[in-house]
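Chain and residue survey
Each chain is listed here by its residues.
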Amino acid sequence: MTTSSRDLFITGLRNAHAMENQALSIMKPQANRIETYPEVEAQLQRHIRETEGQIRRLETILDALGEDKSSLKDLALSLAGTFAAVGHTVAPDEILKNSMANFAFENFEIAAYKSLIALANASGNQTAISDLELNLQEEIAMAQWLDENIATVTLKFAALNEAGATAKK
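Values in this document were obtained by computation on a predicted structure and should not be read as measured data.

Structural notes on the overall build of the chain
- Helix and strand content of the chain: five helices and zero strands.
- Tracing the chain from N to C terminus, the helices and strands come up as α-α-α-α-α.
- Within the chain, counting contacts between residues at least 6 apart in sequence, those at least 24 apart form 81% of the total.
- Accessible area of the chain: about 8,500 Å², with a carbon and sulfur share of 59%.

Section: the nonpolar core
- Phe 9, Leu 13, Tyr 37, Val 40, Ile 95, Tyr 113 and Leu 132 are the most contacted members of the largest nonpolar core, which totals 39 residues.
- Among the elements of the structure, helix H1 (5-33), helix H2 (38-64), helix H4 (94-122) and helix H5 (129-162) are those that each provide at least two residues to this core.
- If sequence neighbours within four positions are ignored, Leu 132 has contacts with Phe 9, Leu 13, Leu 58, Ile 61, Tyr 113, Leu 116, Ile 117 and Ala 120.

Quick look at the packing of aromatic side chains
- Tallied over the entire structure, the rule returns one aromatic pair.
- Seen in terms of ring centroids, Phe 105 and Phe 108 are 6.1 Å apart; in terms of plane orientation they differ by 40°. Their pairing is tilted. Of the two residues, Phe 105 and Phe 108 are both situated in helix H4; the distance of three residues between them amounts to about one turn of the helix.
- Look at Phe 105 and you get buried, because its relative accessible area is 15%.

Considering the packing of H2 against H5
- Two elements in contact, H2 and H5, have axes whose closest approach is 10 Å; the angle formed by their N-to-C orientations is 165°. As summarised for this structure, H2 and H5 are arranged roughly antiparallel, according to the angle between their axes. Note that H2 runs across H5; the crossing there is left-handed. Together, Pro 38, Glu 39, Val 40, Gln 43, Leu 44, His 47, Glu 50, Gln 54, Arg 57, Leu 58 and Ile 61 of H2 and Asp 131, Leu 132, Leu 134, Asn 135, Glu 138, Glu 139, Met 142, Trp 145, Val 153 and Lys 156 of H5 make up the contact between the two elements.
- The class makeup of the residues in the contact of H2 with H5 is ten nonpolar, four polar and seven charged.

With respect to the packing of H1 against H4
- Remark: H1 packs on H4, axes separated minimally by 10 Å, with the N-to-C direction vectors making an angle of 160°. Between H1 and H4, the angle is such that the two are roughly antiparallel. H4 is crossed by H1, and the crossing has left-handed handedness.
- Broken down by class, the residue content of the contact of H1 with H4 amounts to 15 nonpolar, six polar and four charged.

A closer look at the environment of Gly 53
- Along the chain, the position of Gly 53 falls in helix H2.
- Sequence separation between Gly 53 and Asn 135 is 82 residues; the distance between their C-alpha atoms is 8.5 Å.

Remarks on the pattern of salt bridges
- For the structure shown, the criterion picks out eight salt bridges.
- The salt bridge involving Arg 14 is made with Glu 67; its shortest N-O contact spans 2.8 Å. Taken together, the residues Arg 14 in helix H1 and Glu 67 in the loop between H2 and helix H3 (71-88) connect sequence positions 53 residues apart.
- Measuring nitrogen to oxygen at the nearest pair gives 2.8 Å for the salt bridge that ties Arg 57 to Glu 138. One end of the pair, Arg 57, is in helix H2; the other, Glu 138, is in helix H5, with 81 residues separating them in the sequence. Of the two residues, Arg 57 and Glu 138, neither departs from the other in class, the shared state being buried.
- Ionic contacts of the salt-bridge type, sharing partners, join the residues Arg 6, Arg 14 and Glu 67 into one network.

Analysis parameters
Residues numbered from 1 in each chain as written. Predicted model: local features only at pLDDT ≥ 70, side-chain atom pairs only at ≥ 80, totals over all residues. Heavy atoms only, no water. Helix = DSSP H or I, 4+ residues; strand = E, 2+ residues; numbered from the N terminus. Contact = heavy atoms within 4.5 Å. Areas by Shrake-Rupley, 256 points an atom, 1.4 Å probe, with all protein chains shown as cover. Core = buried A, V, L, I, M, F, W, Y, C linked by side-chain atoms within 4.5 Å. Buried < 20%, exposed > 50% of the residue type's maximum accessible area, 1.4 Å probe, protein only. Phe/Tyr/Trp six-rings, centres within 6.5 Å; stacked < 30°, edge-to-face > 60°. Axes fitted to C-alpha atoms, helices over the stretch in contact; angles between N-to-C directions. Parallel < 35°, antiparallel > 145°, perpendicular 65-115°, else oblique. Left-handed = near helix turned anticlockwise from the far one by under 90°. Nonpolar A, V, L, I, M, F, W, Y, C, P; charged D, E, K, R; others polar. Salt bridge = Lys/Arg side-chain N within 4 Å of Asp/Glu carboxyl O.

This is the structure:
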C-alpha cells in the first residue's frame, strides 16, 4: 500500500500542529517560572505569540485542504510537553536545561518545516508554502537567538550561583 504525497503532506501538517501545541505547553510554564532572566522570559513570550500564529497558519492550510487537525495528536504532544516542562523544575540548573532543550526542540521544528515545504512542493500545494516558510523563518530566528544567548545565560547562571543568589530560574 502506498501513501500519496498529499496524504503525507496532510499527516505532516497534523504532526506540525501537534508539535506547535507541544511547544506552547513547554514554553508557557517556562516563561511563567522565570525570575532572574528577563531577556529569556521576553524571548519566550515573543515566541509564544509567534507559535500561536503558526498554529493558526497550519489550521488555515488544513482548512483549505478540507482537513481537520488531529485532536488526539494535539492532546498527546501537549501532555508530553507539560511533563517535559515539569521535569526540569526540580533541577538546580533549570534555566540551563530549559535553554538546551529549547534549542534542540527549535531545530526539530526547523527540520519539520523543511520537510513540510518539500511535501507541499511534491503534492502540488504551492499555496501553503508561504505560510510554512514564515513558520520556518520564525523557528530559525528563535533557534538563532538561543544559540547566540546560551553562553550569556550559562555565565549569568554561574555568576548568580557563585554569589549564592537564586540562579535556577
